[in-house]
Amino acid sequence: MLEVLTQTMTKIEDTSNMLTKTYDTYIREKAIEMVNAKLEENKIDVAKVENNDYEAMVNDSCKDIKEKYAKRVSQGLMAIMGIDFLLG
């Protein structure tokens, strides 16, 4: 019984880690697209930007994207709760 629980917990942790890694990869790809678009908009060559500066811009964009997604999720949950309060 203990072995089954251990295997189940391991699978849950592995799935959670995989989802987190996939989410972070997706967010980073979107942030890179945003940074490249901003640089292109300002007519700045990506190759001329230092790696540290580029990484800082990507990290800032990642933070902005995550905040935007968190805000949307919280608004969605609040809307669902509001509907639940009206119906319940």
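In this convention, every chain numbers its residues from 1, walking through the sequence in written order. Where local features are concerned, this predicted model is filtered to residues with pLDDT of at least 70; where side-chain atom pairs are given and counted, the filter is 80 or more; whole-chain, interface and lining totals use all residues. Computation of side-chain values: all heavy atoms of the structure, hydrogens and water removed.

1. Description of the overall build of the chain
- For the purposes of this entry, the term helix denotes a DSSP run of H or I that reaches at least four residues, the term strand denotes a run of E that reaches at least two, and both are numbered from the N terminus. Looking only at helices and strands, one finds two helices and zero strands in the chain.
- For 88 residues, the compact-globule estimate of 2.2 N^0.38 gives 12 Å, and the chain exceeds it by more than 25% at 20 Å.
- Relative accessibility decides the category of a residue: with a 1.4 Å probe and only protein chains considered, values under 20% of the type maximum give buried, values over 50% give exposed, and everything between is partly exposed. Expressed as a percentage of the 88 residues in the chain, the buried residues total 11%.
- Any two residues having at least one pair of non-hydrogen atoms within 4.5 Å are treated as being in contact. Nonlocal contacts in the chain, meaning residues at least 24 apart in sequence, comprise 64% of its contacts between residues at least 6 apart.
- Accessible area for the chain stands at about 7600 Å²; split by element, carbon and sulfur atoms hold 60% of it.
- The charge count treats Lys and Arg as positive and Asp and Glu as negative. His and the chain ends do not count. Note on charges: their place is set at NZ of Lys, CZ of Arg, CG of Asp or CD of Glu. For the chain, the centre of its 12 positive side-chain charges and the centre of its 16 negative side-chain charges are spaced 5 Å apart. Taken over C-alpha atoms, the radius of gyration is set against a globule rule of 2.2 Å times the number of residues to the power 0.38. Each accessible area value is a Shrake-Rupley result obtained with a 1.4 Å probe; residue values ignore everything except the protein chains displayed when judging cover.

2. Some details on helix α1 (residues 2-41)
- Expected span, for any helix, means 1.5 Å times one less than how many residues it has. Here α1 spans 58 Å end to end across 40 residues, near enough to the 58 Å set by a 1.5 Å rise per residue.
- Along α1, the residues that are buried comprise Ile-27, Ala-31, Val-35 and Leu-39.
- Looking one or two places after α1, you find Lys-43, whose phi comes out positive at around 55°.

3. Some points on the pattern of salt bridges
- Whenever Lys or Arg places a side-chain nitrogen within 4 Å of a carboxyl oxygen from Asp or Glu, that contact is recorded as a salt bridge. Applying the stated rule across the entire model yields three salt bridges.
- For the salt bridge of Asp-24 with Lys-66, the shortest nitrogen-to-oxygen distance reads 3.5 Å. Placement of the pair is Asp-24 in helix α1 and Lys-66 in helix α2 (residues 51-87), with a sequence separation of 42 residues.
- On the basis of relative accessibility, which here comes to 35%, the residue Asp-24 falls in the partly exposed class.
- As a salt-bridge pair, Lys-30 and Glu-33 come within 3.9 Å of each other at their nearest N and O atoms. Linking Lys-30 with Glu-33, this pair stays in helix α1, spanning three residues, or about one helical turn.
- Given a relative accessible area of 31%, Lys-30 falls into the partly exposed group.
- Classification of Glu-33 as partly exposed rests on a relative accessible area of 48%.

4. A short note on a nonpolar patch on the surface
- Only residues above 30% relative accessible area that lack a salt bridge enter a patch, with like-charged residues linked at up to 9 Å and the nonpolar side chains Val, Leu, Ile, Met, Phe, Trp and Tyr linked at up to 5 Å. There is a patch of nonpolar side chains on the surface, built from Val-73, Leu-77 and Ile-80 and spanning about 300 Å² of accessible area.
- Residue placement: Ile-80 occurs in helix α2.
- For Ile-80, a relative accessible area of 55% corresponds to the exposed category.

5. Observations regarding the environment of Asn-17
- Here Asn-17 lies in helix α1.
- Asn-17 sits in the exposed class, given a relative accessible area of 52%.
- C-alpha separation for the pair Asn-17 and Ile-65, spaced 48 residues apart in sequence, amounts to 20 Å.

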